[in-house]
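Understanding the architecture of this molecule
One letter stands for each residue in the lines below.
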Amino acid sequence: MEWFQSETPVPYPEALAFMEERVRAIRAGDRDEAVWLLEHPPLYTAGTGARVADLLEPERFPVYAAGRGGQYTYHGPGQRVAYVMLDLDRRGRDIRAFVWALEEWLIRTLAVFSVVAERREGRVGLWVADPGGSERKIAAIGIRVRQWVSFHGIALNVCPDLSHFGGIVPCGLGEYGVTSLRDLGLDVPMARVDEALRAAFGAVFGQPDGAGAEVRPPRTDPRTCGGTRTGAEPSTARPASGAGACPGGRPQEAVRAPRTPGAGG
């Protein structure tokens, strides 16, 4: 397993190219599984289920076809994106269990900061309940699986500009809002979030044979498993400042993901 971490916002096309090449190499047995921690410049991505009507301000930020499952989402500075490239052929060939594990990874990460994030039937991602009973989304999940190798992954709102979500209907769920650690009153440096993500990952996923994992995803999860795509192929924004740290936090030390032909970051 390799971990990569980029210190400046990565243009979305470069991230896609890197993932495509890495998935091919994992499937061929040439490279190890990988997790890539990064941020993007402000942009919107459209999953395979995206509805045109949900793109409310098409000129606000660049819009990219992601090829993953799900609908529209926003990425930008202050949001920790983790692209997860795992060999599911060695991990049980169970996409529902994989999505459950991604959710569990986020739940455990957020618990480090005393945030109770919860699953909701029919709504992939993680949700935080307000004292008044309303719910807001703090993390999104969108994956794709090709020949049993996963890519794309999760997006956790640490301290993004939440107004940027106003240009879309996030994940097609107009009745729900979005939140972040900053919005919940927690000024957490991105480096601290990364530490929590790394620690929780091993507990949930362990090794490809399951060794080392403290939890086992259910083999039959009755929830609707949106935000996923399997099978065949689907058909720049200016970098923003402040990557790697929220306002008031310390910049993180990071290494850039290695460049591959046609990819970077």
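Look up: the structure comes first, before these words.
Since the model is a prediction, treat every value here as computed from it, not as a measurement. (Residues numbered from 1 in each chain as written. Predicted model: local features only at pLDDT ≥ 70, side-chain atom pairs only at ≥ 80, totals over all residues. Heavy atoms only, no water.)

Side note on the packing of aromatic side chains
So the rule is basically this: Note on ring pairs: Phe, Tyr and Trp rings are taken, using the six-membered ring of Trp, and paired if centres are within 6.5 Å. Classes follow the plane angle, with under 30 degrees stacked, over 60 edge-to-face and the rest tilted. Only runs of H or I of at least four residues qualify as helices and only runs of E of at least two qualify as strands under DSSP, and these elements are numbered from the N terminus. The buried label applies to any residue whose accessible area, calculated with a 1.4 Å probe on protein chains only, is under 20% of its type's maximum; exposed applies above 50%, and partly exposed to all values in between. Both a distance and an angle decide whether a charge sits over a ring: NZ of Lys or CZ of Arg must be within 6 Å of the ring centre and within 35 degrees of the ring normal.
Evaluated as defined, the whole model comprises 13 aromatic pairs. Centre to centre, the rings of Phe201 and Phe205 are 4.5 Å apart; their planes meet at 25°, and the pair counts as stacked. Here Phe201 pairs with Phe205, and both are found in helix H3 (residues 190-205), just four residues apart, close to one helical turn. Like Phe205, Phe201 is buried. Each residue in the set Trp3, Phe98, Trp105, Phe201 and Phe205 is aromatic and connected to the rest through ring pairs, giving one cluster. When the ring centre of Trp127 is taken as reference, the NZ or CZ atom of Arg123 above it lies at 4.5 Å.

Concerning the pairing of strand S3 (residues 43-46)
Cut-off, in case you're wondering: Pairing between strands is defined by DSSP: at least two bridges between the two strands are required.
Judged by which residues are buried, S3 turns out to be covered on both faces: Leu43 and Thr45 on one side and Tyr44 and Ala46 on the other are all buried. Sheet topology places S3 next to strand S5 (residues 72-75); four bridges connect them, and they run antiparallel. Among the inter-strand pairings, Thr45 is bridged to a residue of S5, identified as Thr73. Bridging between S3 and strand S4 (residues 63-65) involves three bridges; their strand directions are parallel. Its bridge partner being in S4, Thr45 is matched across the sheet by Tyr64.

Focus: the nonpolar core
Keep this limit in mind: What makes a nonpolar core is a set of buried Ala, Val, Leu, Ile, Met, Phe, Trp, Tyr and Cys residues whose side-chain atoms join them at distances within 4.5 Å. The criterion used for residue contact is that any of the two residues' heavy atoms lie within 4.5 Å.
Core analysis: the largest hydrophobic core is formed by 40 residues, its most contacted members being Leu102, Trp105, Ile138, Leu181 and Phe205. Mapped onto this core, the elements with two or more residues apiece are strand S2 (34-38), strand S6 (79-85), helix H2 (95-111), strand S8 (123-129), strand S9 (135-146), strand S10 (149-157) and H3. Looking at this core, the element that brings in the most residues is H2, giving nine residues. Residues in contact with Leu181, not counting those within four places in the same chain, are Leu110, Phe113, Val115, Ile138, Asn157, Val158, Leu186, Val188 and Val193.

Looking at helix H1 (residues 12-28)
Here is the rule we go by: By this rule the span expected of a helix is its residue count minus one, scaled by 1.5 Å.
Between its terminal C-alpha atoms H1 stretches 25 Å, which fits the 24 Å expected from 17 residues at 1.5 Å a residue. Of the residues trailing H1, Gly29 is marked for its positive phi of about 80°.

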